[in-house]
Amino acid sequence: MPMDKEIIEQHGLSEEEYQRILTLLGREPNRLELGLFSVMWSEHCSYKSSRFHLRKFPTTGERVLQGPGENAGAVDIGDGLAVVFKIESHNHPSFIEPYQGAATGVGGILRDIFTMGARPIALLNSLRFGPLESPKNRYLLEGVVAGIAGYGNCMGIPTIGGEIYFNEIYNQNPLVNVFCLGVVKKDRIFRASASGIGNTVIYLGSRTGRDGIHGATMASEGFDESIESRRPTVQVGDPFTEKLLLEACLEIMKQDLVVAIQDMGAAGLSSSSVEMAGRGGTGIEMELARVPRREEGMTPYELMLSESQERMLLVAKPGREDAILAICAKWDLDVAAIGRVTDTRRLVLKNDGRIVADLPIPALTDDAPVYERPMETPLYLDSLQGINLDTIPQPKDFGATLIAMLASPTIGSKRWVYQQYDYMVRTNTVIRPGFESGVVRIKGTRKALAISLDGNGAYGILNPYRGGVIAVCEAARNVICAGARPIGLTDCLNFGNPERPDVMWQFALSVEGIADACRELAIPVVSGNVSFYNETHGLGIYPTSIVGVVGLIEEVDRVVRPGFRDAGDRIVLLGETKDELGGSEYLRRIHTREGGYPPLLDLAVEKALHNCCLSAIEAGIIRSAHDCSEGGLAVALAEAAILSGPMSESARGASVTLQNLPIRMDAYLFGETQSRIVVTVSETRLDELEKHCAENEVPMAVIGRVEGDRLTVGIEGWGRPLIDLPVETIRTVWNRAVASYFDEREKEGR
Amino acid sequence: MRFGIIVFPGSNCDHDCYHVLKNLLGQPADFIWHKETHLHRFDALIIPGGFSYGDYLRTGAIAKYSPVMKNVGDFARAGGPVLGICNGFQILLEAGLLPGAMLRNRSLKFICKNVFVRVETAETSFTAAIEPGRVLKLPIAHAQGNYYADPETLNELKDNNQVIFRYCDKSGNINDIENPNGSKDSIAGICNRSRNVLGMMPHPERCAEGLDGNSDGRLLFQSALDRLGLQSR
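Residues numbered from 1 in each chain as written. Chains lettered and ligands numbered in written order. Predicted model: local features only at pLDDT ≥ 70, side-chain atom pairs only at ≥ 80, totals over all residues.

Thoughts on the overall build of chain A
Move 1: Counting secondary structure elements, chain A contains 27 helices and 28 strands.
Move 2: Relative to the globule expectation of 27 Å for 750 residues, the C-alpha radius of gyration of chain A, 26 Å, shows essentially globular dimensions.
Move 3: Along the longest, intermediate and shortest principal axes, the C-alpha atoms of chain A span 90 × 55 × 50 Å.
Move 4: Scored against the burial criterion, the 750 residues of chain A give a buried share of 60%.
Move 5: Put simply, 83% of the contacts in chain A that link residues at least 6 apart link residues at least 24 apart. (Helix = DSSP H or I, 4+ residues; strand = E, 2+ residues; numbered from the N terminus. Rg over C-alpha atoms; globule rule 2.2 N^0.38 Å. Buried ≥ 20, exposed ≤ 12 C-beta atoms within 10 Å, placed from the backbone. Contact = placed C-beta atoms within 7 Å.)

So this is what it looks like as structure tokens:
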């Protein structure tokens, strides 16, 4: 009997895709088999719209041990160690159910890392919400932050940084991207390739329930009014079980008991078994009656498509099954031998001995459709870019404008958020959240890692290519400012509906921007994730490419922070300031305008800046470094002053006098010209810095001095400064930028 | 001096305590899995922080039934020094080895930050080398650190000098603003009547190394070593 059209549609498969299935199988699939195709061919699992473009990324390099295609990427950091890292989105579930959506996002990325044999040591996240004036957005932020905290804190993995932007465009489609990094001995990296005919396939972890069925399919569609009814597609997290699973898996891998291991993430048991067999060129046969389950009466369909969390599938080394069972017993985890590896290249599923599905593995993996979807330059582009700056008035009071900028939740302190994350557990945190990048040291070595996430959708919408370039450059610049050399990158590409040609155009250009920047800066892309269908009622988000750059610091004591250090230090601006305002937070916040061209970026200039700053840091002459990004030079100076005073000491002010340039003053102070870093050096070493700048052909200007307790910014020959404010005043405003939207008691951080 | 660090399913500060004792202070230290019951070989026990049993039901409520806890009780009653940090403190309360209970923070949120605490007395193994009244900077990281005890118990704690740490400002003043979680009398740590069992919410093991320019936490471990006449490496 031919399959009902409605059923095919419910499974998110197009008519052509169903025809393709018929051709591949030479017969009608049964309902279970259709379900397997549905999840394996979903955008989420198959990358069918993006794969064609993702090939442009440079993915190799001296240090790369594992590029894209595995659970996560791996990069050599010397001392016999590797770091394993990846970023992933959990946007859709987090909008439907913020706490559990975000929590299980953390759970999923953690499993991706420890599946490779690495112990996770750092989490970061990148979040996008609509403005906090709306109660719904406050509810979403509270829920997402609590969910991330609830999961990460319980696992004992510190959340050491991240970033948040607020913009109306994310009202109906908030973004939750989570990053995790782990450390592993480089010769002990585990992969997920099922081999060894006859080897036992073992199920480990939580029992399978009816939650999250078709989660992957849900994440491959836009939203409409049916959102409430989709709540059951969101999984429920159990971080305690995940903690046990983490310890048990690391113990199993330490004793070398497995051939392959993969977590059951999106599409659960289906994707884990199929992908492991696919990579190994083998087949897998499983008896579903043996799958541990939460309730009786679950069908094979439900067992295969459930996305219950905290589960792993592994292939045991022959004869080591008992040792695996013993470790699981120690950690009180459910475990069951549910199948074996075969040489048939088929997935054979049985239920009480009866075959319920029998599919060729390649049909589910390699033969999944790959689309080169049509692209089209969007019509909105000209009107958005064509903003006439002459109609934008200059501020009368630049001090007041600075205060308004610092009060922007996008710019101001996120302490209300990160104070809910345990950012210190494991005692490796050198730079806590709230700075440009988080830094963790590697115990047993002198090394440390700086990690930064970055991405700006406001640039992406105006010029997706440049949005991609700038995301890479900013994230890299951030780790450079900490004194780290970038060694690898992971990306999370958040876009609207890929079936729309303008979205596909945005996507292709963003990927090109990221690829070009990575190539020029020699940073390989080692892992990543694509999240399409971030649209509600047909309105898509801005193209939001988030990149995570990992940088290596050879000597942990050399770490540089953004805050001013000692009175008398000279303040130096590396790089040139141009007459640029397009896409800036200043236009958005002060003039409620979004438009223009995002700042230009010359990759050769950027690269020279990185080399210059890093060589100066390595020579030990840089006392602080802070890049200019959202809010421009004035905000960078203000933040350097605000961040100068750790808890027990008083803040440091600065007197700054800028060269007189023939550009708009608001662009000078708040424009977001790229490739600029504010550094401080002691007076006696100024000439050394000059040498580093000359060698790298980086323009530098000595613009001021760290002193007093006020921030003053003036222009040469102008007399009265444009900004003259007590640091305490700007610190208070900055501190309350997010907290002020929540209740009084919390404002005090109590 | 041999330290034992008790590991429950869900403990996650066990390695941090181990790192301080073994790598920084050069002391022998062992993990004790919660199903073990032989504690004779240890001179002091540490119950580390974390989320034993996921904090499900109530913090520490399930851990108190772990096999090792009976032996921890025996060890404590025999006068052995026991330090419970964060979740360890919560477990000691649930196990009845310390008086009082923990409520959720008054903000109802998890709080991770540095706070100041005033050392109220040197009369415990872990504060013996610290001058009373000294202010320490220590991190907290908890959702349930709002210490509660009935007025009678609180009076008893005060009368017997059992309050060891109180939240304060950087000059040592106690006031409501500096109380991060709503604890009664700003209590951050207490000991039992016989002064050998100490529970505290702040994490001294997180600031023993000076990584963030702060090594105040080291003083507690150093005190325990000095008390027993043993020097660290």
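Still more to cover.
Some points on the interface of chain B and chain A
By a widespread convention, an interface's size corresponds to the accessible area lost as its parts come together.
Move 1: Across the contact, 29 residues belong to chain B and 27 residues belong to chain A.
Move 2: Residue assignment for the side of chain B that touches chain A shows that the elements contributing at least two residues are helix H1 (14-24), strand E6 (111-119) and strand E7 (135-142) of chain B.
Move 3: By residue number, the principal contributor to the side of chain B that touches chain A is E6(B), which donates four residues.
Move 4: Of the residues in the side of chain B that touches chain A, the class split is 13 nonpolar, seven polar and nine charged. (Nonpolar A, V, L, I, M, F, W, Y, C, P; charged D, E, K, R; others polar.)

Structural notes on the nonpolar core
Residue and element names in this part refer to chain A.
Move 1: Val-84, Leu-449, Val-472, Leu-574, Cys-613 and Leu-637 are the most contacted members of the largest nonpolar core, which has 317 residues in total.
Move 2: Of the residues forming this core, the biggest block, 11 residues, is contributed by helix H19 (residues 464-481).
Move 3: For Cys-613, the contacting residues outside a window of four places in its chain are Ile-480, Cys-481, Leu-574, Ala-625 and Ile-677. (Core = buried A, V, L, I, M, F, W, Y, C linked by C-beta atoms within 7 Å.)

Let's talk about the sheet that holds strand E11 (residues 197-200) of chain B
Residue and element names in this part refer to chain B.
Move 1: The strand order E2-E1-E3-E4-E11-E10-E9-E6-E7 describes an open sheet built from nine strands, whose pairing is mixed. The sheet terminates laterally at strand E2 (29-33) and E7, the two strands that pair on one side only. Pairwise comparison of adjacent strand axes, ignoring direction, gives a mean angle of 25 degrees for this sheet.
Move 2: By the bridge criterion, three bridges tie strand E10 (residues 187-191) to E11 in an arrangement that is antiparallel. Counterpart to Ile-190 in the pairing with E11 is Gly-199.
Move 3: Each of strand E1 (3-7), E2, strand E3 (44-47), strand E4 (82-85) and E11 touches helix H2 (residues 67-77); the most contacted strand, E4, lies at about 130 degrees to it. (Pairing = 2+ DSSP bridges. Axes fitted to C-alpha atoms, helices over the stretch in contact; angles between N-to-C directions.)

Focus on unusual backbone geometry
Move 1: In this model, A:His537 sits at a positive phi of 50 degrees, which is unusual for a non-glycine residue.
Move 2: When you line up the elements, A:His537 lands in the loop between strand E19 (535-536) and strand E20 (539-540).
Move 3: Note on A:His537: 9 C-beta atoms within 10 Å, which makes it exposed.
Move 4: Of note, B:Cys86 is a non-glycine position whose phi angle comes to about 55 degrees, a positive value.
Move 5: Inspection of the secondary structure puts B:Cys86 in the loop between E4 and helix H3 (87-94).
Move 6: The exposure class of B:Cys86 is buried, given the 28 C-beta atoms found within 10 Å.

A short note on the pairing of E11(B)
Residue and element names in this part refer to chain B.
Move 1: The two faces of E11 match: Val-197 and Gly-199 on one face and Leu-198 and Met-200 on the other face are all buried.
Move 2: Note: E4 against E11, four bridges, orientation parallel. Within E11, the residue paired with Val-82 across the bridge is Val-197.
Move 3: Two successive antiparallel strands, E10 and E11, enclose a turn made up of five residues, where Arg-195 displays a positive phi of approximately 70 degrees.

A word on the pairing of strand E4 (residues 119-129) of chain A
Residue and element names in this part refer to chain A.
Move 1: With 10 of 11 residues buried, E4 is to be regarded as a mostly interior element.
Move 2: The sheet contact formed by E4 and strand E6 (residues 175-185) spans nine bridges and is antiparallel. Within E6, the position partnered with Leu-123 by the bridge is Cys-180.
Move 3: In this structure, E4 lies alongside strand E5 (residues 159-166), joined through seven bridges in parallel fashion. Looking at E5, one finds that Phe-129 is bridged to Phe-166.

Brief notes about the environment of A:Glu576
Move 1: Mapped onto the elements of the fold, A:Glu576 is located in the loop between strand E22 (570-574) and helix H21 (585-591).
Move 2: Accessibility expressed as a C-beta count within 10 Å gives 15 for A:Glu576, which makes it partly exposed.

Thoughts on the environment of A:Val503
All names here are of chain A.
Move 1: Inspection of the secondary structure assignment puts Val-503 in helix H20 (residues 501-521).
Move 2: Along the chain, Val-503 and Thr-377 lie 126 residues apart, while their C-alpha atoms are 8.9 Å from each other.
Move 3: Setting aside residues up to four positions removed in sequence, Val-503 forms contacts with Phe-495, Gly-496, Asn-497, Pro-498 and Gly-540.

Some remarks on the confidence of the model for chain B
Move 1: Scored by pLDDT, chain B has a mean of 95; 98% of the residues are at 70 or more.
Move 2: Reported confidence for the predicted complex is 0.96 by ipTM and 0.96 by pTM. (pLDDT = per-residue confidence, 0-100.)

What to know about the sheet that holds E5(A)
Residues and elements named next belong to chain A.
Move 1: One open sheet holds the six strands; their spatial order is E1-E2-E3-E6-E4-E5, and the pairing between them is mixed. Strand pairing shows two members of the sheet lacking a second neighbour, strand E1 (64-66) and E5, which therefore form its edges. For this sheet, the mean angle separating the axes of adjacent strands, direction not counted, is 20 degrees.
Move 2: When E1 meets strand E2 (residues 73-78), the two strands line up antiparallel, connected through two bridges. By the bridge assignment for E2, Val-64 is matched with Val-75.
Move 3: Strand contacts of helix H7 (residues 98-114): strand E3 (81-89), E4 and E6, with the helix running at about 25 degrees to E6, the strand carrying the most contacts.
Move 4: Against the sheet, helix H8 (residues 135-155) touches E4, E5 and E6, its axis set at about 175 degrees to E4.

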